[in-house]
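Topology and contacts: notes
So the chains spell out like this:
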Amino acid sequence: MSYMLPHLHNGWQVDQAILAEEDRVVVIRFGHDWDPSCMRMDETLHKIANKVRNFAVVYLVDISEVPDFNKMYELYDPCTCMFFFRNKHIMIDLGTGNNNKINWPITDSQELIDIIEVVYRGARKGRGLVMSPKDYSTKYKY
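The structure reproduced in this document is the subject of the present report. Since this is a predicted model, take the numbers as computed values, not measurements.

1. Concerning the overall build of the chain
- Along the backbone of the chain there are 3 helices and 6 strands.
- Taken from N to C terminus, the helices and strands of the chain fall in the order β-α-β-α-β-β-β-α-β.
- Relative to the 2.2 N^0.38 estimate, which gives 14 Å for 142 residues, the radius of gyration of the chain is 14 Å and therefore close to what a compact globule would have.
- When each of the 142 residues of the chain is scored for burial, the buried share is 47%.
- Look at the contacts in the chain between residues 6 or more apart in sequence, and 73% of them connect residues 24 or more apart.
- A total accessible area of about 7,600 Å² is found for the chain, and carbon and sulfur atoms account for 50% of it.
- Looking at charge distribution, the chain has the averaged site of its 17 positive side-chain charges lying 7 Å from that of its 19 negative ones.

In structure tokens, the structure reads:
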């Protein structure tokens, strides 16, 4: 489904997408279109893009085509999703220890909508770090 979502092809386009959006959260999926985990994430993003269009906009960035942000945002995972609001990176506490980004595919549409909504509400209040509606830590799995 990655072909259905807008792609950003260079660092300038990524910067402009983040800078230009005043009222909505910018959701950027960094990864590869051919990666299976990115395909699952892209499918979820495509499903929700129309539902969240009032408070979020979704873009895809291929990390081999645009390597400018790989070191800055530590994009070492195959699929990474990050949130920006008014030219500011919004961190989210998912209970995983990494508050900067989501680095696994989320396949549940409602779960991702809830996360984006929490990011939007927190960012509108001026918060740089928001709490996830669900705890993704593994402490209860073992």
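2. Considerations on the sheet that holds strand E3 (residues 56-62)
- An order of E1-E3-E2-E4-E5-E6 is seen for the 6 strands of this open sheet, with the pairing classed as mixed. Edge positions in the sheet fall to strand E1 (7-8) and strand E6 (129-131), since each has one partner strand and no second.
- On top of the sheet, helix H3 (residues 109-124) reaches strand E2 (25-31), E3, strand E4 (79-85), strand E5 (88-93) and E6; it is set at about 30° to E4, its chief contact.

3. Overview of the environment of Met39
- Following the sequence through the fold, Met39 ends up in helix H2 (residues 36-49).
- Residues contacting Met39, with those up to four places away along its chain left out, are Asp33 and Trp34.

4. Thoughts on H2
- With 14 residues, H2 extends 20 Å from end C-alpha to end C-alpha; this agrees with the ideal 20 Å at 1.5 Å per step.
- Within the span of H2, buried status applies to Ser37, Cys38, Met41, Asp42, Thr44, Leu45 and Ile48. Down the axis of H2, the sector holding all buried residues measures 165°, keeping them to one side.
- Its buried side turned inward, H2 meets E2, E3, E4 and H3.

About the thresholds
- Residues numbered from 1 in each chain as written.
- Predicted model: local features only at pLDDT ≥ 70, side-chain atom pairs only at ≥ 80, totals over all residues.
- Heavy atoms only, no water.
- Helix = DSSP H or I, 4+ residues; strand = E, 2+ residues; numbered from the N terminus.
- Rg over C-alpha atoms; globule rule 2.2 N^0.38 Å.
- Buried < 20%, exposed > 50% of the residue type's maximum accessible area, 1.4 Å probe, protein only.
- Contact = heavy atoms within 4.5 Å.
- Areas by Shrake-Rupley, 256 points an atom, 1.4 Å probe, with all protein chains shown as cover.
- Lys, Arg positive; Asp, Glu negative; His and termini not counted.
- Charge placed at Lys NZ, Arg CZ, Asp CG, Glu CD.
- Pairing = 2+ DSSP bridges.
- Axes fitted to C-alpha atoms, helices over the stretch in contact; angles between N-to-C directions.
- Expected span 1.5 Å × (residues − 1).
- Arc of directions from axis to C-beta.

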